Amino acid sequence: MAKPLPSDVQVAIIGGGIVGCATAYHLAKAGWSVALFERKKLTSGTTWHAAGLVSETQGVPIMSALAKYGLDLMESLEDETGQNTGFKRNGSMTVALTEARMEELRRKVDYAHGCGIRAEEISLTEAQDRWPLLSTYGAKGAFWFPGDGYTNPIDTTMALAKGARSNGAQMFEDTKVSRVIIEGGRAVGVETEQGLIRAEHVVNATGMWAREFGLTHGVQIPLHYTNHYYVVTDPIEGVTGDLPVLRVMDEYAYYKEDAGKLLIGCSEPNATPWLPKDGLPEAFEFDELPCDEEHLYPILEAATQRVPALATSGIRKFFNGPECFTPDAKPYLGPVPDMAGYWVAAGFNSTGIQNGPGAGKALAEWIMAGHMTMDLTDMDSRRIVPGLNARSYTAAKAAETLSHAYAMHWPYLRKTEARGLRRTPYYTHLRDAGAQFGSANGWERPLYYGREMTDGFGREPWFGDWRAEHEAMRTDLGCIDLTFGRYMVDGPEAEARMQQLCGADMAVASGALVYTQMFNPQGGIEADVTIARLTATRYMVMASAGAEPQTEYWLRTQLAGTGVSVINVTSSEATLALMGPRARNFLAGLTDGDLSDDAFPFGTWQSLHVGHAPVRAQRITYVGELGWELHIPAEFAQQVFETIMATPDAPRLCGSMAVDSCRIEKGFRHWGHDIGPFDSPVESGLTFACDFTTDFIGKAAIEARKSAGPASRLLSFRLEDPNALVFGKEPILHDGQIVGRLTSASYGWTVGSAVGMGYVAKPDDITVKDLAERSYQVMVAGKALSARASLRPLYDPLNARMRG
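These remarks concern the structure in this document. (Residues numbered from 1 in each chain as written. Predicted model: local features only at pLDDT ≥ 70, side-chain atom pairs only at ≥ 80, totals over all residues. Heavy atoms only, no water.)

### Some words on the overall build of the chain
Of regular secondary structure, the chain possesses 19 helices and 37 strands. Relative to the compact-globule value of 28 Å for 804 residues, the chain shows a C-alpha radius of gyration of 27 Å, a close match. The C-alpha extent of the chain, read off along each of the three principal axes, is 80 × 65 × 60 Å. Taking as baseline every contact in the chain between residues at least 6 positions apart, the subset at least 24 positions apart corresponds to 71%. For the chain, the accessible area works out to roughly 29,300 Å², and carbon and sulfur atoms hold 50% of it. For the chain, the centre of its 74 positive side-chain charges and the centre of its 96 negative side-chain charges are spaced 2 Å apart. (Helix = DSSP H or I, 4+ residues; strand = E, 2+ residues; numbered from the N terminus. Rg over C-alpha atoms; globule rule 2.2 N^0.38 Å. Contact = heavy atoms within 4.5 Å. Areas by Shrake-Rupley, 256 points an atom, 1.4 Å probe, with all protein chains shown as cover. Lys, Arg positive; Asp, Glu negative; His and termini not counted. Charge placed at Lys NZ, Arg CZ, Asp CG, Glu CD.)

### What to know about the pattern of salt bridges
Side chains that differ in charge, positive against negative, can pair when their charged atoms come close. Evaluated as defined, the whole model comprises 45 salt bridges. Close ionic contact of Glu 526 with Arg 382 constitutes a salt bridge, the shortest N to O distance being 3.7 Å. Separated by 144 residues along the polypeptide, Glu 526 in strand β24 (residues 525-535) and Arg 382 in the loop between α8 (352-369) and α9 (391-403) bring together distant segments of the chain. Like Arg 382, Glu 526 is buried. Arg 616 is the partner of Glu 573 in a salt bridge, and the nearest nitrogen-oxygen pair spans 2.7 Å. Of this pair, Glu 573 sits in strand β27 (residues 573-579) while Arg 616 sits in strand β29 (residues 613-618), placing them 43 residues apart in sequence. The pair Glu 573 / Arg 616 is uniform in exposure class, with both members buried. (Salt bridge = Lys/Arg side-chain N within 4 Å of Asp/Glu carboxyl O. Buried < 20%, exposed > 50% of the residue type's maximum accessible area, 1.4 Å probe, protein only.)

### Quick word on the packing of helix α2 (residues 61-81) against helix α5 (residues 153-166)
With their axes 10 Å apart at the nearest point, α2 and α5 run at an angle of 50° to one another. By the criterion of interaxial angle, the relationship of α2 to α5 is oblique. Classified by chirality, the crossing of α5 by α2 is left-handed. Residues Leu 73, Met 74, Leu 77 and Thr 81 of α2 lie in contact with α5, whose contacting residues are Thr 156, Ala 159, Leu 160, Lys 162 and Gly 163. (Axes fitted to C-alpha atoms, helices over the stretch in contact; angles between N-to-C directions. Parallel < 35°, antiparallel > 145°, perpendicular 65-115°, else oblique. Left-handed = near helix turned anticlockwise from the far one by under 90°.)

### Structural notes on helix α13 (residues 548-559)
Over its 12 residues, α13 runs 17 Å from end to end, which matches the ideal 16 Å to within 8%, given 1.5 Å per residue. Among the 12 residues of α13, 9 are classified as buried, and the element is accordingly described as predominantly covered. Directly beyond the C-terminal end of α13, a positive phi value near 80° is found at Gly 561. (Expected span 1.5 Å × (residues − 1).)

### Describing the side chain of Ser 661
Along the chain, the position of Ser 661 falls in helix α16 (residues 656-665). Engagement of the side chain of Ser 661 in a polar contact is seen with the backbone oxygen of Ala 658, the distance being 3.1 Å. Excluding its chain neighbours within four sequence positions, the residues that come into contact with Ser 661 are Trp 466, His 470, Ser 746, Tyr 747 and Trp 749. (Polar contact = N/O pair within 3.5 Å; in protein donor to acceptor, adjacent residues only side chain to side chain.)

### A few points about the sheet that holds strand β25 (residues 538-543)
By definition, the strands of a sheet pair up through backbone hydrogen bonds, in either a parallel or an antiparallel sense. Here we have 5 strands laid out as an open sheet, ordered β23-β24-β25-β22-β26, and antiparallel in their pairing. Both edges of this open sheet fall to β23 (513-519) and β26 (565-568), since each of them pairs with a single strand only. Neighbour-to-neighbour, the strand axes of this sheet turn through a mean angle of 30°, independent of strand direction. Across 7 bridges, the pairing between β23 and β24 is antiparallel. Counted as the bridge partner of Phe 519 is Ile 525 from β24. (Pairing = 2+ DSSP bridges.)

### Some words on the packing of aromatic side chains
A full pass over the atoms with the stated rule returns 29 aromatic pairs. On the basis of an interplanar angle of 10° and a centroid distance of 6.1 Å, the ring pair of Tyr 622 and Phe 668 is categorised as stacked. With Tyr 622 in the loop between β29 and β30 (627-633) and Phe 668 in the loop between α16 and α17 (681-684), the pair connects residues that are 46 residues apart, well separated along the chain. Take Tyr 622: its relative accessible area is 28%, and that puts it in the partly exposed class. (Phe/Tyr/Trp six-rings, centres within 6.5 Å; stacked < 30°, edge-to-face > 60°.)

### Thoughts on the sheet that holds strand β37 (residues 783-790)
Strand order in the closed barrel made by the 6 strands is β32-β35-β34-β33-β36-β37, with antiparallel pairing throughout. Mean inter-strand twist for the sheet, computed between neighbouring axes without regard to direction, equals 40°. Relative to strand β36 (residues 776-780), strand β33 (residues 731-734) runs antiparallel, the two sharing 2 bridges. Within the sheet, the bridge partner assigned to Ile 732 lies in β36 and is Val 778. Across the face of the sheet, α16 comes into contact with β34 (737-748) and β35 (753-761) while running at roughly 130° to β34.

### Focus: unusual backbone geometry
Despite not being glycine, Ala 418 has its phi angle at roughly 50°, a positive value. Note on placement: Ala 418 falls in the loop between α9 and α10 (427-432). Owing to a relative accessible area of 28%, Ala 418 belongs among the partly exposed residues under this scheme. For Asp 735, which is not glycine, the phi dihedral falls at a positive 50°.

### A word on the pairing of strand β20 (residues 443-449)
In summary, the side chains of a regular strand alternate between the two faces of the sheet. With 7 of 7 residues buried, β20 lies mostly within the body of the structure. For strand β19 (residues 435-440) and β20, the ladder comprises 6 bridges, and the chain directions are antiparallel. Looking across to β20, one finds that Ser 439 is bridged to Glu 444. With antiparallel pairing between neighbouring strands as the criterion, β19 and β20 make up a hairpin whose turn holds 2 residues, including Asn 441 at a positive phi of roughly 55°.

### Examining the environment of Gly 147
Checked against the element boundaries, Gly 147 lands in the loop between β6 (141-145) and β7 (149-150). As for Gly 147 and Asn 90, which are separated by 57 residues in sequence, their C-alpha atoms are 7.6 Å apart. When residues no more than four places from it in sequence are discounted, the contact partners of Gly 147 are Glu 56, Leu 71, Arg 89 and Arg 118.

### Structural notes on the packing of helix α1 (residues 18-29) against α2
The N-to-C vectors of α1 and α2 enclose an angle of 70°; their axes lie 14 Å apart at closest approach. On the basis of the axis angle, α1 is roughly perpendicular to α2. The element α1 and its partner α2 pack so that their crossing is left-handed. Residue-level contacts link Tyr 25, His 26 and Lys 29 of α1 to Tyr 69, Leu 73, Leu 77 and Glu 80 of α2. Each residue belonging to the contact of α1 with α2 can be placed in one class, and the counts come to 4 nonpolar, 1 polar and 2 charged. (Nonpolar A, V, L, I, M, F, W, Y, C, P; charged D, E, K, R; others polar.)

### Description of the nonpolar core
Nonpolar side chains tend to gather and get buried jointly when the protein is soluble and globular. Formed by 51 residues in total, the largest nonpolar core has its most connected members in Trp 466, Met 473, Phe 717, Leu 719 and Tyr 776. When residues no more than four places from it in sequence are discounted, the contact partners of Trp 466 are Tyr 412, Met 657, Ala 658, Ser 661, Ser 746, Tyr 747 and Trp 749. With 48 residues, the next largest nonpolar core counts Cys 21, Ala 28, Ile 353 and Met 374 among its residues. (Core = buried A, V, L, I, M, F, W, Y, C linked by side-chain atoms within 4.5 Å.)

### What about the state of the cysteines?
Within this structure, the stated rule accounts for 0 disulfides. Considering cysteine sulfurs only, Cys 690 is the nearest to Cys 502, which forms no disulfide, with 10 Å between them. (Disulfide = S-S within 2.5 Å.)

### Some details on the environment of Ile 697
For Ile 697, the location among the structural elements is in the loop between α17 and α18 (699-708). Assessed through its relative accessible area of 27%, Ile 697 is described here as partly exposed. The contact partners of Ile 697, leaving out residues within four places of it in the chain, are Gln 500, Leu 501, Phe 519, Asn 520, Pro 521 and Gln 558.

### Examining the pairing of β33
Of the two faces of β33, the one lined by Pro 731 and Leu 733 and the one lined by Ile 732 and His 734 are each fully buried. Bridging between β33 and β34 involves 4 bridges; their strand directions are antiparallel. Each bridged residue has a counterpart across the sheet, and for Pro 731 the counterpart in β34 is Arg 741. Counted between consecutive antiparallel strands, the loop separating β33 from β34 contains 2 residues, among which Asp 735 sits at a positive phi close to 50°.

Take a look at the structure:
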């Protein structure tokens, strides 16, 4: 007899893989009522066939923290639940075949240390001692990660499920959720063939089904599934149970002990999407996909030389199973836009086994607390751009994500698949001018103009183009395509609502520009924006392209039901920024407006004509120089560009790399790198932008933090070695101890060395001023390089140039 369904629960979880079960486990342990619904059997989607590799060091710090937590939990689950997980912490080893890979892995070791993870470079002799079957021919070096290991995916998931049940969670197999119940824009339950269950929260943890299932109720979750291969050999003498996981990324392969056999997995550079004609098969359960053995031959051929014992061993199993990947190689965790009470935990990019337990904890805590309990910005599902969810797009990007898993992780890597989706009106002009484009949220963005971009960890040939653009803005005049997200906030109550939403005083006159943050009740920064007061009832909110969806989410959720409307008007305007000492004189030649400091002061906007076209000119800067942003109706944008560039003294076109190097020299923060929902203006040095005479969301938390004093502080850093390069996430040391990491990094062409910003832990017994005056080092490829810290900007600390 079928187990009866509950009539209501606090949380309904859809999907019985490791992520869904981990979420149920953590919610149930906290005493919440939970029901999990699995269309077939637990683990029967993609969890069951995972190789089970678990590694502590992941691409971003939060994922490393969650993976580390997950491995520790796996170690204790059997004692807690009585269910064996198959977890072994045998460590992992990566062998490098090129000098470039050595550099990458040395920097990875630095990063691991910054995350509190053990890692070290070892000799090839030690590598062979740890992995006796290994041939080190052609190898340059090896790296050891002792906290890594592997686990049995099914058994680990079953242990989580057992732990969840023992704490009161209900789990229903062979119970397909046919629809999510939505009332008034909120998910309030799920419906199955056995009946309807009401819930305060609904979690989509359906793995590779997440996109298709989401579309049935209007939720966009861009991901897709790929062919993912491994082979299992016959038993091999010398393959013992204590063998570490071995990775040879330059040959796109990993090796894992499997009961006396070797499991050889592939992250091939020519990965392919799985494209079932009619979508995912309804009957899919513990299924395999057809295996293209020829696709694997180049990898297996290299493997027989890397592990010579394979030459005389048979292949017991060729396996192909689907894995789902996201376009940006990061999972989705958290709420989704436009539907309250709906959460997603999906798209783990073939790392669900190691990250699933931690992700379940993080999501459970977020649901229960109503806010992040750890910094999940890099995984936050609110970054989803709904328009980037065509099946053709997600399929191409998923295959690309898998193809890059073991490829070189260059610091300036540009993805090439499914490009050109979102273009500003200037795109063709910029392309013809030699723009080397990157991509941000689907937007094509010039990185710089000039020579073809090459990859490397040193000074590349195109650095001269980047430097020239940086220096043009510092000493002459640059022109930047600065088109970004913009939102019209309108209504009779707009001023009152914006006063609540923003840290700065928004009761300003029409024509004013305000730089401000929007905070959550915990004082974290949900948005970092510039706002133009257009009329008595209307504001224009402007956010960077990278923060576009998150800013819109925050505005819509906070202003819902207030009578104040939010309209995304990003496509209605395009922006050109003229930045540099010559900006005033140059722009004056194109307009009749008075651009003098008295007539057009910093932090204001005016309606002007440039040539024949109307523009909203905003006097503000993100590079620290005199300049104006020209916000142009889209239909006039190309004409304005042509007018500017046709002048005899036309500015130099500048890309985002020069913008970034200028803004880091100037100490300007970037949302998503230096600040986010888990960062306070007290630690990030942004209380100057708060007006504490107003009553804004998060004010009490920020004032309490000010009173208690910061636990850390964002500082600017300049390396003393002018030849060193930093790219972000490098550990910061004081007296040999890691005290922080760089959040932003670039090369400061004006100050003459690498620059960055990073949070440094502050002891209780010293002042912030004393903190900045300490001696520091930054770890770069295994070397501790001296760096000078500063509370003030490294360039123009008195802001004289941008107000000149």
